[in-house]
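Observations on chain architecture
Here is how the chains run, residue by residue.
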Amino acid sequence: MSDHILTPLTALGKTTSTTDIIGGITLCENPNFAIASLAVRQGRGQDLQTLLTPVLDGELPGPGRAVLSESATAIWTGNGQWFLMAPLSEHPDYAAEIKDLVKDTASVTEQTDGWVIFDLTGDDLVPMLERLCNLNSKALAAGHATRCLIEHLGCLIICRESGRNFTILGPRSSASSLHHTLVTAAHSVA
Amino acid sequence: MIINHPLLGPRDAQEFVYHGDASLIDRPDANAETALDDFHDYLYLRDNPAGSHKELWFHEQGLRSWLVVTRDTTTQEISLVELASDYAKRRGWDR
């Protein structure tokens, strides 16, 4: 086999992740997550739950919720559908790993390079989120997660700490556009 | 306009796409003797009520779920929102 010498690039096309500090807001591109989507097979919900309980330290999240455990993050994305996220360095082939775990109880799809992930931290991010999307951002509490529109992009928003710490997943092919939108919104409230 | 999603709560109508009359769920049997007439009616004949109307909405920029929304066409008031799968099962479909 030929030995390719390839340099991995982040979603924004750099070799290291991009961080913007704007006033009290820190926006950091996070290339360190492996992502896999999970869709339960018909009537196998309980079996899937049993297999995943040790990974998640509990149950799969319900509508509009995420489970943020040490080893993995699970986000509800639809009826019987979830996104699972884990550190990329420890799980370079995450989808295959999850497939081995859940066997025939669910279908698993690799999502890692489909998304750009931004970590957003600050003392009060509510005014910024109000400029970005039409969610009731003040009401978002830790463990809430939902898909919504930012500009024209369908994004997943995960709340890690109410008003102070959010993770935003957006389509990787529009990573620069989303980054521009987030930076612009941050400048307008900083 | 706000649509009160049965799973996610109130969401802006901007996230949804209108996909027509809820009677589209009741697709005729393609193998019936009267299939040609049934499909003609199914495709082309619509009630156009001034008042309560059941319609299909797709939560495209959110959950990507199909909903049956009961809306009053004269006041825009939405009286009921349910998952299209629940509505279809109630009408005897298997999913």
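Here the structure is a predicted model, which means the values were calculated and not measured. (Residues numbered from 1 in each chain as written. Chains lettered and ligands numbered in written order. Predicted model: local features only at pLDDT ≥ 70, side-chain atom pairs only at ≥ 80, totals over all residues.)

On to the domain arrangement of chain A. Residue and element names in this part refer to chain A. Taken domain by domain, chain A consists of domain 1 (19-31 + 114-189) and domain 2 (33-110). On the side of domain 2, 9 residues touch domain 1, which itself brings 11 residues to the contact. Elements supplying a minimum of two residues to the side of domain 1 that touches domain 2: β8 (115-121), β9 (145-150) and β10 (153-161). Residues that form the side of domain 1 that touches domain 2 fall into these classes: 5 nonpolar, 4 polar and 2 charged. (Domains from an automatic or database assignment. Contact = placed C-beta atoms within 7 Å. Helix = DSSP H or I, 4+ residues; strand = E, 2+ residues; numbered from the N terminus. Nonpolar A, V, L, I, M, F, W, Y, C, P; charged D, E, K, R; others polar.)

Here we take up the confidence of the model for chain B. Averaged over all residues, the pLDDT of chain B equals 92, while 100% of them reach at least 70. Scoring the predicted complex yields pTM 0.87 and, for the interface, ipTM 0.78. (pLDDT = per-residue confidence, 0-100.)

The next point concerns the interface of chain A and chain B. Facing the 10 residues of chain A at the interface are 10 residues of chain B. Looking at the side of chain A that touches chain B element by element, the count peaks at 4 residues for β9(A). For the side of chain A that touches chain B, the class distribution of residues is 3 nonpolar, 6 polar and 1 charged.

Residues and elements named next belong to chain A. Overall, antiparallel pairing links the 6 strands, which are arranged β1-β2-β8-β11-β10-β9 in an open sheet. Where the open sheet ends on each side, the last strands, each with one partner, are β1 (19-22) and β9. Direction aside, neighbouring strands of the sheet carry axes that sit 25° apart on average. Across 4 bridges, β1 lies against strand β2 (residues 25-29) in antiparallel orientation. Within β2, the residue paired with Ile22 across the bridge is Ile25. (Pairing = 2+ DSSP bridges. Axes fitted to C-alpha atoms, helices over the stretch in contact; angles between N-to-C directions.)

Turning our eyes to something else, we now look at the pairing of strand β3 (residues 33-40) of chain A. A regular strand places its side chains so that they alternate between the two faces of the sheet. All names here are of chain A. Of all 8 residues that make up β3, 7 are buried, and the element is covered over most of its length. Sheet topology note: the β3/strand β6 (residues 81-87) ladder contains 7 bridges and is antiparallel. Among the inter-strand pairings, Ile35 is bridged to a residue of β6, identified as Met85. As judged from the 5 bridges shared by β3 and strand β7 (residues 106-110), these two strands associate in the antiparallel manner. Among the inter-strand pairings, Ala36 is bridged to a residue of β7, identified as Glu110. (Buried ≥ 20, exposed ≤ 12 C-beta atoms within 10 Å, placed from the backbone.)

Let's shift gears to the environment of Leu178(A). Residues and elements named next belong to chain A. Tracing the backbone shows Leu178 in helix α4 (residues 175-189). The sequence separation of Leu178 and Glu151 amounts to 27 residues, and the corresponding C-alpha distance is 8.1 Å. In contact with Leu178, not counting residues within four places along its chain, are Val116, Ile150, Leu153 and Gly170.

What follows is about the environment of Ala88(B). All names here are of chain B. You can see Ala88 is positioned in helix α2 (residues 84-90). Looking at Ala88, the number of C-beta atoms within 10 Å reads 17, which means it is partly exposed. Residues Ala88 and Val17 lie 71 residues apart in sequence; the distance between their C-alpha atoms is 19 Å. With residues near it in sequence (within four places) discarded, Ala88 still touches Ile25, Trp93 and Arg95.

Quick look at the nonpolar core now. Burial of nonpolar side chains together is a common tendency in soluble globular proteins. Core analysis: the biggest nonpolar cluster contains 55 residues, and Ala74(A), Ile75(A), Trp82(A), Leu84(A), Met85(A) and Ile157(A) have the highest contact counts within it. For this core, the element with the most residues is β3(A), which contributes 6 residues. Here this core spans two domains, and each of domain 1 (19-31 + 114-189) and domain 2 (33-110) of chain A adds at least three residues to it. Not counting the four nearest positions on each side in its chain, Trp82(A) is found in contact with Leu38(A), Leu60(A), Ala74(A), Ile75(A), Trp76(A) and Thr77(A). Among the nonpolar cores identified, the runner-up in size contains 8 residues, and Ile3(B), Ala22(B), Trp57(B) and Val69(B) belong to it. (Core = buried A, V, L, I, M, F, W, Y, C linked by C-beta atoms within 7 Å.)

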